[in-house]
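The primary structure of each chain is shown beneath.
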Amino acid sequence: MFIINCPFCGEREQSEFKAGGEAHIERPKQPTELSDDEWAEYLFMRKNIKGIQFERWNHIHGCRKWFNMVRDTSNDEIKAIYKMGEKPPVK
Amino acid sequence: MKNRYSIFSLIKNAFSYHENWEKAWKDPTPKKEYDAVIVGGGGHGLATAYYLAKKHNMKNIAVVEKGWIGGGNTGRNTTIIRSNYLWDASAGLYNHALKIWEGLSQELNYNVMFSQRGVMNLAHNLQDVRDLKRRTHANRLNGIDAEYLNTEEVKKFCPIINTSPDIRYPVLGGTLQKRAGTARHDAVAWGYARGADEMGVDIIQNCEVKGIKRNGDSVAGLETTKGFIKTNKIGVVAAGHSSVIANMAGLKLPLESKPLQALVSEPVKPIIDTVVMSNAVHAYVSQSDKGELVIGAGTDDYISYSQKGSHDIVEGTLNAILELYPIFSRMRMLRQWGGIVDICPDASPIISKTSIKGLYFNCGWGTGGFKATPGSGDLFAHTIANDEPHELNAAFNINRFVSGDLVDEHGAAAVAH
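Residues numbered from 1 in each chain as written. Chains lettered and ligands numbered in written order. Predicted model: local features only at pLDDT ≥ 70, side-chain atom pairs only at ≥ 80, totals over all residues. Heavy atoms only, no water.

Draft legend 1. Structural context of the overall build of chain B. Scanning chain B from N- to C-terminus turns up ten helices and 19 strands. Relative to the compact-globule value of 22 Å for 417 residues, chain B shows a C-alpha radius of gyration of 21 Å, a close match. With respect to the three principal axes, the spread of C-alpha positions in chain B is 65 × 60 × 40 Å. The proportion of buried residues among the 417 residues of chain B is 58%. As displayed, chain B offers around 17,100 Å² of accessible surface, 52% of which is attributable to carbon and sulfur atoms. Averaging the positions of the 45 positive and the 42 negative side-chain charges in chain B gives two centres separated by 4 Å. (Helix = DSSP H or I, 4+ residues; strand = E, 2+ residues; numbered from the N terminus. Rg over C-alpha atoms; globule rule 2.2 N^0.38 Å. Buried < 20%, exposed > 50% of the residue type's maximum accessible area, 1.4 Å probe, protein only. Areas by Shrake-Rupley, 256 points an atom, 1.4 Å probe, with all protein chains shown as cover. Lys, Arg positive; Asp, Glu negative; His and termini not counted. Charge placed at Lys NZ, Arg CZ, Asp CG, Glu CD.)

In structure tokens, the structure reads:
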């Protein structure tokens, strides 16, 4: 459990938020041309990093907006939070 | 077995004040080369090594473990064993394990304290009732013992459950698998370790894998904290850290690693002689032989390797426990801990070859791997030795995420495992 600084609402408890998994997975531009392998890669395969991970969160019990987070998954330390569409901060 | 445990060995060793018991397993330094190396010394990994040596005559093998054996999820789970899964593939897999459990203490000459005290799953709404009845029928068609209980029968089987119709999530019925139960988790790891060691398997503790060396499309060996180990077969059974090992080989797996918590109470006299699980309110409880209530909570929904879960998850589980068992309201909790579980999108495991020759993965057991330990080890050993899956784990290949032939146990199994 940790505190998350929602870019819209400020600091709130993590239990107000929903984790949305790995960030910056681009939706296929030409879905009809994707092979089964490429679909599997897009839908299911994840880096699941132990260490610095870029991920999406939703303030589901608050403003309900999505945003991005950089977090160290080995100790849950939040390194940076940035809005959707913004460039991820350099590591 | 040279150091067979029996009443006679107990008496014999009593004369020397139990100071001369042989070590249950050795502490070898790694050889330069093995025929196969198992990464991960938990129950599944040690069982894999045991069956590789026993059934496939692969004796020149090693298990490498970054900590101590059984120190990960094997020693952190709530020890529930059952096989009442909905789909045919899962039913086959978990019932295979249950059959091995029934003779495991004898086979290993090690008391794993397997106790078939029954597992009851509760229904709290009409959809639960329908789902559980459907599962009961599916189980019976697969030769798995299952019965459906109405509210009165639930109360009769476990009298301390609050079956009042006035509670927030009233008990409308439940299923019972009488052959299900619990076992002593540490003993499972120790029993398999002792059995494998006896047959010549090197169990190397405090040996962390740092890299996987590839020779083109096949594996060539492992970089570890105890030096390079040459091998052309690597079986990875690293639970929550499976993705970390996969990344070393340049593979991606369909896994997310999350903290799962459990807690135990202070020890009390026997009060609950079965295992009761509830999917809808997410609470499950049993009582250990020491008298502690063993309570399982849910996973956090974010990826984490921290082995620490959130407080609100425990709080939610305890709320449910208290409503179902008002008698526990003044129990004090003794310990709480977390383990890291690797969860597949379909909540079914992977026991499979990979695109890299000689690299095998046994992972994705999520929140319910303990029950499968003997079966998982047996089938993974078969897969490694023959480079082909056994018919019971063929459905649990990694390619199902490409073909779409998923084993969708999410919500179909009795509880979130």
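Draft legend 2. Quick look at the pairing of strand S6 (residues 77-83) of chain A. Of the strand pairs in this sheet, strand S5 (residues 66-72) of chain A and S6(A) are connected by six bridges, and their pairing is antiparallel. Residue A:Arg71 lies in a different strand from S6(A), and its bridge partner there is A:Ile78. (Pairing = 2+ DSSP bridges.)

Draft legend 3. Quick peek at the interface of chain B and chain A. Taken together, the contacts link 25 residues of chain B with 25 residues of chain A. Carbon and sulfur atoms supply 52% of the area buried between chain B and chain A, which totals about 2,200 Å² over both sides. Applying the counting criterion to the chain B and chain A interface returns two salt bridges. Linking A:Glu41 and B:Lys252 is a salt bridge whose minimum nitrogen-to-oxygen distance equals 2.8 Å. In terms of residues, the side of chain B that touches chain A owes the most to one element, helix H7 (residues 242-248) of chain B, which gives three residues. Per-class residue counts for the side of chain B that touches chain A are eleven nonpolar, nine polar and five charged. (Contact = heavy atoms within 4.5 Å. Buried area = accessible area lost by both parts, 1.4 Å probe. Salt bridge = Lys/Arg side-chain N within 4 Å of Asp/Glu carboxyl O. Nonpolar A, V, L, I, M, F, W, Y, C, P; charged D, E, K, R; others polar.)

Draft legend 4. Geometry of the nonpolar core. Residue and element names in this part refer to chain B. Formed by 48 residues in total, the largest nonpolar core has its most connected members in Leu46, Tyr51, Trp101, Leu104, Val112 and Tyr192. The dominant element in this core, judged by the number of residues it contributes, is helix H3 (residues 88-108), at eight residues. Setting aside residues no more than four positions away along its own chain, Val112 makes contact with Trp101, Leu104, Ser105, Ala183, Arg184, Ala187 and Val188. Counting residues in each nonpolar core, the second largest holds 31 residues, with Tyr34, Val219, Ile245 and Ile398 among its members. (Core = buried A, V, L, I, M, F, W, Y, C linked by side-chain atoms within 4.5 Å.)

Draft legend 5. Spotlight on the pairing of strand S1 (residues 3-6) of chain A. Residues and elements named next belong to chain A. Residues of S1 alternate between two faces, with Ile4 and Cys6 buried on one and Ile3 and Asn5 left unburied on the opposite face. Where S1 lies against strand S2 (residues 10-13), four bridges are found, and the strand directions are antiparallel. Directly across from Ile4, in S2, lies its bridge partner Arg12.

Draft legend 6. Here's a closer look at H3(B). All names here are of chain B. Between its first and last C-alpha atoms H3 spans 29 Å; for 21 residues at 1.5 Å apiece the expected length is 30 Å, and the two agree. Where H3 is concerned, the buried positions are Ser90, Ala91, Leu93, Tyr94, Asn95, His96, Ala97, Leu98, Ile100, Trp101, Leu104 and Leu108. Elements that come into contact with the buried residues of H3 comprise helix H2 (43-55), strand S3 (80-81), strand S6 (173-177), helix H6 (185-198), strand S18 (350-353) and helix H9 (373-386). Immediately downstream of H3, the backbone of Asn109 shows phi near 55°, a positive value. (Expected span 1.5 Å × (residues − 1).)

Draft legend 7. A look at the environment of B:Cys158. Residues and elements named next belong to chain B. Its place among the elements puts Cys158 in the loop between helix H5 (151-157) and S6. With 117 residues separating them in the primary sequence, Cys158 and Val275 have C-alpha atoms 9.3 Å apart. Residue contacts for Cys158: discarding those within four places in its chain leaves Met120, Ile272, Thr274 and Val276.

Draft legend 8. Looking closely at the pattern of salt bridges. Residue and element names in this part refer to chain A. Per the stated rule, a full pass over the model turns up 23 salt bridges over all chains. In this structure, the salt-bridge partner of Glu16 is Arg12, at a minimum N-O distance of 3.4 Å. Overall, the relative accessible area of 22% leaves Glu16 in the partly exposed class. Several salt bridges share partner residues, and in doing so they unite Glu55, Arg71 and Asp76 into one network.

Draft legend 9. Structural view of the sheet that holds strand S13 (residues 256-265) of chain B. Residues and elements named next belong to chain B. Pairing is mixed across the open sheet formed by eight strands, whose spatial order is S5-S6-S4-S14-S15-S16-S13-S17. Looking along the sheet, the strands with just one partner apiece sit at the ends: strand S5 (147-150) and strand S17 (333-343). Mean inter-strand twist for the sheet, computed between neighbouring axes without regard to direction, equals 20°. Running at roughly 145° to strand S4 (residues 119-123), helix H4 (residues 126-141) makes contact with S4, S5 and S6 of the sheet. Sheet contacts for helix H8 (residues 311-324): S4, S13, strand S14 (275-278), strand S15 (283-287), strand S16 (293-299) and S17; angle to S16, the most-contacted strand, approximately 130°. (Axes fitted to C-alpha atoms, helices over the stretch in contact; angles between N-to-C directions.)

Draft legend 10. Region of the structure containing the packing of aromatic side chains. In this structure the tally under the stated criterion is 16 aromatic pairs over all chains. With centroids separated by 5.8 Å and ring planes inclined at 20°, the aromatic side chains of B:Trp101 and B:Phe114 adopt a geometry described as stacked. Here the residue B:Trp101 occupies a position in helix H3, and B:Phe114 occupies one in the loop between H3 and S4, the gap between them amounting to 13 residues. Note on accessibility: B:Trp101 and B:Phe114 belong to one class, buried. If you follow A:Arg56 out to its NZ or CZ, it ends over the ring of A:Trp66, 5.3 Å from the centre. The ring centre of B:Tyr148 lies 5.1 Å from the NZ or CZ of B:Lys133, which sits over that ring. (Phe/Tyr/Trp six-rings, centres within 6.5 Å; stacked < 30°, edge-to-face > 60°. Lys NZ or Arg CZ within 6 Å of the ring centre and 35° of its normal.)

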